[in-house]
Amino acid sequence: MSSSPAVRPDDVRPDGAVRSGRWAVTGYALLQVLLFVPIVVTFVLVAVSSVLVVVWVGILLLAGLLPAMRGLAGLHRSMAGRILGTSLPAPYLPLTGGPLADLRTRASDPMTWRDLLWMLWAMTFGFVVSLLAVVLFLGVVTLPIWWYGVIPLLRGRAAVDRAILTTGRTERLEQRVEALTASRAVVVDHSAAELRRIERDLHDGPQARLAAVSLSLGLADDLFESDPEAARRLINEARGTSSTALGELRDVVRGIHPPVLADRGLAGAVSALALDMAVPVELALDVPGRLPAPVESAVYFAVAECLANTAKHSGAANSWVSLQHDGSVLRGRIGDDGRGGADLRKGTGLPGIAARLAAFDGTLSVSSPPGGPTVVTWEVPCSPSASSSPRTMRS
Amino acid sequence: MQPLRVVLAEDHALLRAGLTQLLEAKDFTVVAAVDNLAELERALDDPSAEAAVVDVRMPPTFTDEGLRAAISVRARRPGFPVLVLSQYVEQLYARELLASGEGAVGYLLKDRVSDVAEFVDALRRVADGGTVLDPSVVAAVLDRRRDTPVDRLTEREREVLALMAEGRANAGIAQALVVTEKAVAKHINSIFAKLDLPTDTDDHRRVRAVLEWLRI
């Protein structure tokens, strides 16, 4: 008897994964049969511990059992994936902190309830299906039935496993829409606040000063004949005021889009930032070409904010910035040897950066134990900018 | 004395006209007033041009082609005096300019032209081989404290060095600090000694001291 025949076109899925042949499938069935006992034991223990939660012991038990349950479910998820020839995502909520927080996250995760439901299936009909596949193989006389039947049989089981163990397409889309709605709301708020700030800065600064310049020049014009000395003084004053207005306009523009970022892109602009720092900054920048302008801007302000924090709060003697782009994801790390204690949940700086990066599906994490060191890491998926020519912007 | 023959590159028509008027009024000859990179490069290849005043941003891409043109002309014509004007002053650009050769270079904010005497003085100093940096660059470097040979300097010597970086001569420094020129010369000698600058012509040592201070 030959092993599984050569891969037929039908067996190659669009995502490139290959479905397992009948030998492998039978192996999975055997493994599923063997895992029957652990599944039953885990299920019973989880049920008992849930009751014991009222006397606290249950919490301790669940802390060990829930990860074990996830392990079992995960194993079956990957087997089902191989049988079906597609990778199945494990849509658990992300774990964030200490053991107790993790336990709470696990207990409240809807996926945990689906895992329990799946165990019921795996202990009953699912078990019967896998057992049947093994028996057909071992029964020698039934080998022909095994030859033709084992793959449809196990695919059937895998399909049910998949239905219970992963969220459906609709559910995933719903989650995605929820995440996008939340990040869009943050971005809209952020840009509205930015526009208000810019409007206020222009109104209080350069606008008022240019009005004063105009006034001084008008007065000077009036005084030219009668009091040239006073006219000269007014013109001098107007010159000073216009210089200040220009300085304020420069600051406003830098706050919107720093000229060096427009000129040189992310790597150049970060080098320029490093030059202005009082703390020495070691740079490792590997960002070929230009990235989409909004990403460049968000990452630039992220680096600027982190470096400003380092200068203001860390008391560090050294810091370093690394940026790497591998063609599809931009990864950044900023660290210092300061006193640590930076917290993503405190203040407005770091949460602001996280929200801005989230708009591009970026993620940010902060490691900053008391006593340091502080390391801020982020990842933003993005491809290099299609047009390599810089934007036109008047000086 | 023959008026200095200057190439002017500025893409804003109003500013270009204003600068041309200003330079002509102050006894310079504007041999070419251009508004884009291609024409600037052509004008700079003219051997009769003696100095250039260049805006950082220009067509076609409106990024930093003026700066790049300035650096490249100094590669072709070493020591060619260039005064770069910009709406923004960026330390990174100041370093790149200074690294393009010793002296005969200046980097100023555009608003500085409003003080005509100062601006003309700056252009003359650049044409004479001096280094002129915008006070805002100098101030930014002063804010930075790093472990460098410059740390060996006293507070007063650092002040003198900062004024040197702005391109002032001994007389100008003495005036700014309200001390005698002799005292300034003494400070400068002590700066050269502390920065381990070899005995050379005085001008080169001044430029090198400024470069050391900017840590290029």
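Residues numbered from 1 in each chain as written. Chains lettered and ligands numbered in written order. Predicted model: local features only at pLDDT ≥ 70, side-chain atom pairs only at ≥ 80, totals over all residues. Heavy atoms only, no water.

Here the focus is the sheet that holds strand β1 (residues 4–9) of chain B. Residue and element names in this part refer to chain B. Ordered by their spatial adjacency, 6 strands build an open sheet running β2-β1-β3-β4-β5-β6, and the pairing between neighbours is parallel. Each having just a single partner strand, β2 (28–34) and β6 (131–133) make up the two edges of the open sheet. Within the sheet, the average angular offset between the axes of one strand and its neighbour, ignoring direction, is 20°. Note: β1 against β2, 6 bridges, orientation parallel. Along β2, the bridge assignment pairs A9 with V34. Against the sheet, helix α1 (residues 13–25) touches β1, β2 and β4 (82–86), its axis set at about 165° to β2. (Pairing = 2+ DSSP bridges. Helix = DSSP H or I, 4+ residues; strand = E, 2+ residues; numbered from the N terminus. Axes fitted to C-alpha atoms, helices over the stretch in contact; angles between N-to-C directions. Contact = heavy atoms within 4.5 Å.)

Take the nonpolar core next. Formed by 90 residues in total, the largest nonpolar core has its most connected members in L266, V299, V303 and W378 of chain A together with L40, Y107 and M164 of chain B. Among all residues touching M164 of chain B, those that are not within four sequence positions of it are T131, I173, I188, F192, R206, A209 and V210 of chain B. Core analysis: the second largest hydrophobic core is formed by 38 residues, I39, L84, W118 and A122 of chain A among them. (Core = buried A, V, L, I, M, F, W, Y, C linked by side-chain atoms within 4.5 Å. Buried < 20%, exposed > 50% of the residue type's maximum accessible area, 1.4 Å probe, protein only.)

A common way to express how large an interface is: the accessible area buried when the components associate. The partner chain B presents 28 residues to the 27 residues of chain A that form the contact. Roughly 2600 Å² is buried in total at the junction of chain A and chain B, and carbon and sulfur atoms are behind 47% of that figure. Here chain A and chain B share 10 residue pairs in polar contact (both at pLDDT 80 or more) between them. When residues of the side of chain A that touches chain B are traced back to their parent elements, those giving at least two are α9 (228–256) and α10 (259–275) of chain A. Tallying contributions element by element places α10 of chain A first for the side of chain A that touches chain B, with 10 residues. Here the side of chain A that touches chain B is composed, by residue class, of 14 nonpolar, 5 polar and 8 charged. (Buried area = accessible area lost by both parts, 1.4 Å probe. Polar contact = N/O pair within 3.5 Å; in protein donor to acceptor, adjacent residues only side chain to side chain. Nonpolar A, V, L, I, M, F, W, Y, C, P; charged D, E, K, R; others polar.)

Residues and elements named next belong to chain A. Taken as a whole and assessed by the stated rule, the structure comprises 6 aromatic pairs over all chains. Residues W23 and F137 carry aromatic rings whose centres are separated by 5.8 Å and whose planes lie at 80° to one another, so their mutual orientation is edge-to-face. Linking W23 in helix α1 (residues 22–34) with F137 in helix α6 (residues 125–138), this pair joins segments that are 114 residues apart in sequence. You can call F137 partly exposed: its relative accessible area is 27%. (Phe/Tyr/Trp six-rings, centres within 6.5 Å; stacked < 30°, edge-to-face > 60°.)

Residue and element names in this part refer to chain A. Relative to the helices and strands, R114 resides in helix α5 (residues 110–123). Linking R114 and A73, residues 41 residues apart in sequence, is a C-alpha distance of 9.8 Å. In this structure R114 touches A163, I164, T166, T167 and E171, once residues within four positions along its chain are discounted. A polar contact is formed between the side chain of R114 and the backbone oxygen of A163, at a distance of 3.1 Å.

Moving on: the confidence of the model for chain B. One rule of thumb: low pLDDT means the predicted coordinates there are not for detailed reading. Taken as a whole, chain B shows an average pLDDT of 86; of its residues, 92% reach a score of 70 or greater. Under the prediction, the complex receives an ipTM of 0.75, its pTM being 0.69. (pLDDT = per-residue confidence, 0-100.)

Overall, the coordinates contain 24 salt bridges over all chains when judged by the stated rule. With a closest N to O distance of 3.0 Å, D111 of chain B and R250 of chain A form a salt bridge. You can see D111 of chain B sitting in the loop between β5 (105–109) and α5 (116–127) and its partner R250 of chain A sitting in helix α9, one on each of two chains. With respect to burial, D111 of chain B and R250 of chain A carry one shared label: buried. Across the salt bridge formed by D64 of chain B and R68 of chain B, the nearest N and O atoms sit 2.9 Å from each other. (Salt bridge = Lys/Arg side-chain N within 4 Å of Asp/Glu carboxyl O.)

Our next topic: helix α2 (residues 37–45) of chain B. Residues and elements named next belong to chain B. All of the buried residues in α2 are L37, L40, A43 and L44. Around the axis of α2, the buried residues are gathered within 125° of arc, so they sit on the same side. Buried residues along α2 sit against β1, β2, β3 (51–55) and α3 (65–76). The N-terminus of α2 is capped by N36, whose side-chain oxygen sits 3.2 Å from the backbone nitrogen of A38. (Arc of directions from axis to C-beta.)

What follows concerns the confidence of the model for chain A. With 92% of its residues at a pLDDT of 70 or more, chain A has an overall mean of 84. Contacts of residues 1–16 of chain A to residues separated by more than four positions or lying in other chains number 25 contacts, the stretch itself having pLDDT below 50.

The next thing to look at is the environment of A133 of chain A. All names here are of chain A. Along the chain, the position of A133 falls in helix α6. A relative accessible area of 0% means that A133 is categorised as buried. Remark: the alpha-carbon pair of A133 and T26, spanning 107 residues in sequence, is separated by 6.6 Å.

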